Amino acid sequence: MTPPDPAAGLIGRDDEVAVVRAFVEGVTAYGGTLVILGDAGVGKSALLEQAASYGVAAGLRVVRATGTQFEAHLSFAGLHQLLFPLLGPHLDELDEMPRKALSSALGLLEGAIPDRMMISHAALELLTLAAVTNPVLVVIDDLPWLDPASAMVLSFVARRTAGTRMGFVATERAGERGYFDRSGVQVLELRPLSEASSEALLDSRFPELGLRARRRLLADAEGNPLALLELPIALTSQPGSHPGSGALPLTGRLQAVFTGRVSGLREPVRQALLLAVLDGTGDLNVLGSQAADLGPADRAHVISIDRGAARVSFRHPLIRSAVVELATAEERRRAHQILAQRRGDEPGRRAWHLAEASTGPDEEVAALLQRVAHANLIRGDSVGAITELLRAAELSEIGEGRAVRLAEAAYLGAIVTGDLSDVPALLDAAHRADPRYGGSLAGAVAGAYHLLNEAGDIDNAHRLLVGAVDALADPGDAHDKALIEVLYTLLMVSFFGGRERLWPPFHAAVARLRPRPPRLLSILAGTFSDPVRLARPVLDRLDAAIDRLPSETSPARIVRTAIAGSYLDRIGGCREPLWRAVRHGREGGAVTSAIEALFLLGNDAYFTGRWDETLTLTGEALTLCRQHDYLLLQWVGEFLQALVAAGRGDHPAARGLADQMSRWAAPRRVGVVAAYVWQVKTLTALSTGDFNEAYRCAAAVSPAGQFAPHVPNALWLIMELVEAAARSGHQAGAAAHVAAARAARVGELSPRLELAVAGAAAMAASDADYPELFEQALHVADADRWPFDLARIQLAYGERLRRTKSPVRGRAHLSAAADIFDQLGARPWAARAANELRAAGVRVDAPRDAGLTAQQRQIAELAAAGLSNKEIGERLFLSARTVGYHLHQIFPKLGITSRAALRDALG
């Protein structure tokens, strides 16, 4: 049977209806997402109804939600509205973790602490399960008015409908972007009707209009269908006037029409409409006996009532605005009070209605909103929690309560949402409310983040945090979450400071915690502060924590666990959870955790030889740092990029980044960034054969024969320092450093460190002992996981064999090293290996790719052919800026300075 045609009645929209129809028809086979974009009144909702009607006719399960201004601050209200019909039949089909996450987000379960990524996956899985038996069409009207938490979850869902039996169709008013990210989805832009279509629509509905009025209405409506349908009604109901007169824009004129229509209704009808608007759910039952007053509004085409489903809907968002505009402030407050009573079993709705009904400070309402904020934070809505805390602060008397709430909002902005620019103003307001910040630990954390990222002020951030802990009546309560967050922040401040004297207050504070420090904090205290001395006792606990990460939902805990393993080469075991933290940040979640996760993944990629991936990951993280003013964190990314540049022989770039880091870190005494600088300079000097300079730079981090306390970066320079010492005549220093590493049992901390210590011992060995020690190094388990370290050991072994009259034995090691260096694009190291091979009697042609990656060679060849950066980008699906960046890397590898020399260099 042929389904009925749902397009009947939409004049002038044949092409758009065809697009929508084709989209709905393809849902069963392909899935997909379509966003209908256009101005107010242009027909988005009408076209959306066509999609829904056609979906029903085609046998799809249609689930709906509508964004409203008066629900936009209620966490997950839109998601609840959409998924509620599916919960009964399908919620229990979800696995335990996603079921708990979704149930917590929707307020059906207390105690679970989900992250938004888990909620997003759970929502997608629920819809996918529902689509197994019957294809599903998700229909969302007015995306910009969805609450932020729902919008971000549905953004995730919308981008993953392709290849499913689920369609997602929604409307968005042009110029009103909310939290829904429509990048990467199909957009259908509705434009005004043509002149002919406008005339046809007007004639079909108002054939009796006179010629003069008709021309004026067509001119005023500007092809807007809603205007064409509503302005004539206003004209006929107000003889002698014209709704198009005056300077109001079209949207304003339409709202004036609706205002006039609503104002003609009796007061009881308007009061019932006001309750329906402010409630925002469309539930007739909330209106109680006042629902009976809505009949005249239905007949006046203001609303549509479905008595069977007990639902009421407004015919256009502008009508809702008109209802609120007509009500006095006192009428709105009274309506909110009524709704607060009727929504007593829903704390979030009740709190917001009471807040809107308040005329001044009200501690009871402020405290209720604060509790709702804490609940929403647990449910994964940090943006909503900040909004609620700020409103709670507005309702607080000046004093401790207001200060605490403002400080909490600043804290969340600093460590979760990335709103660092708002932190100073919030902390200043908290200080004015109570100079002690109300004794708030949250204020201390927010203040420390601001000091670190605004000015790199390590010392004052350290003093602020230590002072906040010392001021506590009970600084040893391990169950005080705010105190624990202060200690995590103090750990990072002490780390970035890179000075031994900063650490004792942290260790003392952790030791005071009763009944015991949190497990992850105690692990970090050992592995991240001074891993040479303190890591070994907690290694088993660290490995167990990493093993638990697949079930971990908190981005902060994922990142902190990976940080705990970063100097012990365990980031590889955290990769999948770290990618979850990155995706969480990309979907609007914890930005700080996403930045740190990207840098950690970049760190792992560097040590495991995926250098192009290092540049990509750190590039994304650096962009986020600049967008959110995380000025301190950005140096981690600059450091990793500088290491790649030094390893690949782009010495101008490496030195430039090192100079930038040094100029910033030196006056601020940011010790760890200074250590980054010395490491970059060490690798640059080694790659150019300047062993004296390499020894000087490596020893600046930690002297030969020592592992300075609380200097974890010394673990990244063991082999570098020893090689530089041995090759520059400092044999005693080389031997002392190997002895110090063995005495500290550094090689037991990780396979890479075992390789580094073994390689260093071989490089420092005498002519009689070196062959055995090099062989031991090359047989370290999983040595090939660390290709750059392994290749440098093979290079050193081959060099030593050639120079001690065993060139034939050295050739295999030199060839293996050269191959790895070529794969890494480590041009100076590949050249060094090639020179040694020639000296060993092997003919070696200059490498054709000169250390270029496959993508770089492709870009170079296109540039040599005369294509511009833009043209190259279009062919390779890259931005022109990215092409320029690659050319900047290519020129020094080829030993040229301009595009003009590319052809000869490649030839």
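Residues numbered from 1 in each chain as written. Predicted model: local features only at pLDDT ≥ 70, side-chain atom pairs only at ≥ 80, totals over all residues. Heavy atoms only, no water.

(A) Molecular detail of the pattern of salt bridges. Per the stated rule, a full pass over the model turns up 44 salt bridges. Taking the shortest distance from any N to any O, the salt bridge between Glu189 and Arg191 comes out at 3.5 Å. On the basis of relative accessible area, Glu189 is assigned to the partly exposed category, the value being 42%. Between Asp767 and Arg800 there is a salt bridge, and its shortest N-O distance comes to 3.1 Å. You can see Asp767 sitting in the loop between helix 38 (751-764) and helix 39 (770-778) and its partner Arg800 sitting in helix 40 (residues 787-803), a full 33 residues away along the chain. When its relative accessible area of 51% is taken as the criterion, Asp767 is described as exposed. On the basis of relative accessible area, Arg800 is assigned to the buried category, the value being 18%. Several salt bridges share partner residues, and in doing so they unite Glu71, Asp279, Arg343, Glu346 and Arg349 into one network. (Salt bridge = Lys/Arg side-chain N within 4 Å of Asp/Glu carboxyl O. Buried < 20%, exposed > 50% of the residue type's maximum accessible area, 1.4 Å probe, protein only. Helix = DSSP H or I, 4+ residues; strand = E, 2+ residues; numbered from the N terminus.)

(B) Inspection of the pairing of strand 7 (residues 311-314) at higher detail. Residues of strand 7 alternate between two faces, with Val312 and Phe314 buried on one and Arg311 and Ser313 left unburied on the opposite face. Relative to strand 7, strand 6 (residues 303-306) runs antiparallel, the two being bridged by four bridges. Bridging across to strand 7, Ile305 finds its partner in Val312. The turn linking strand 6 back onto strand 7 is made up of four residues, and Ala310 within it adopts a positive phi angle of 55°. (Pairing = 2+ DSSP bridges.)

(C) Representation of the packing of aromatic side chains within the structure. For the structure shown, the criterion picks out 20 aromatic pairs. Relative to Tyr567, the ring of Phe528 has its centre 5.9 Å away and its plane inclined at 40°; by these criteria the two rings are tilted. Remark: Tyr567 occurs in the loop between helix 28 (555-564) and helix 29 (575-586) and Phe528 occurs in the loop between helix 25 (519-527) and helix 26 (531-534); sequence separation between them is 39 residues. Both residues of the pair, Phe528 and Tyr567, belong to the buried class. An angle of 80° between the planes, with centres 6.1 Å apart, marks the rings of Tyr770 and Phe774 as edge-to-face. Linking Tyr770 with Phe774, this pair stays in helix 39, spanning four residues, or about one helical turn. We note that Tyr770, like Phe774, is buried. When the ring centre of Tyr488 is taken as reference, the NZ or CZ atom of Arg560 above it lies at 3.9 Å. (Phe/Tyr/Trp six-rings, centres within 6.5 Å; stacked < 30°, edge-to-face > 60°. Lys NZ or Arg CZ within 6 Å of the ring centre and 35° of its normal.)

(D) Structural context of empty space enclosed by the protein. Tallying each qualifying case throughout the model produces six cavities of 30 Å³ or more. Taken together, 17 residues make up the lining of the largest cavity; nearest its centre are Ile563, Phe599, Leu600, Val636 and Tyr676. The dominant element in the lining of the largest cavity, judged by the number of residues it contributes, is helix 30 (residues 591-607), at four residues. Tallied by class, the residues present in the lining of the largest cavity amount to 14 nonpolar, two polar and one charged. Within this model, the second largest cavity holds a volume of roughly 140 Å³. Tyr606, Phe607, Glu720, Phe788 and Arg792 are, among the 14 residues lining the second largest cavity, the residues nearest its centre. Going through the elements one at a time, helix 30, helix 34 (671-688) and helix 40 are the ones with two or more residues in the lining of the second largest cavity. (1 Å grid on protein atoms, 1.4 Å probe; cavity = no way out; pocket = protein on both sides within 12 Å on 5 of 7 lines; lining within 4 Å. Points joined across faces, edges and corners; volume = space filled by probe spheres on them. Nonpolar A, V, L, I, M, F, W, Y, C, P; charged D, E, K, R; others polar.)

(E) Local environment of the nonpolar core. By size, the foremost hydrophobic cluster in this structure holds 180 residues, and its most contacted members are Leu487, Phe496, Leu578, Val746 and Phe821. In terms of residues, this core owes the most to one element, helix 23 (residues 481-497), which gives eleven residues. With residues up to four places along the chain from it excluded, the contact list for Val746 reads Val532, Arg536, Phe707, Leu715, Ile718, Ala741, Leu753 and Val757. Core analysis: the next-biggest nonpolar cluster, separate from the first, contains 46 residues, Ala272, Leu275, Ala310 and Ala322 among them. (Core = buried A, V, L, I, M, F, W, Y, C linked by side-chain atoms within 4.5 Å. Contact = heavy atoms within 4.5 Å.)

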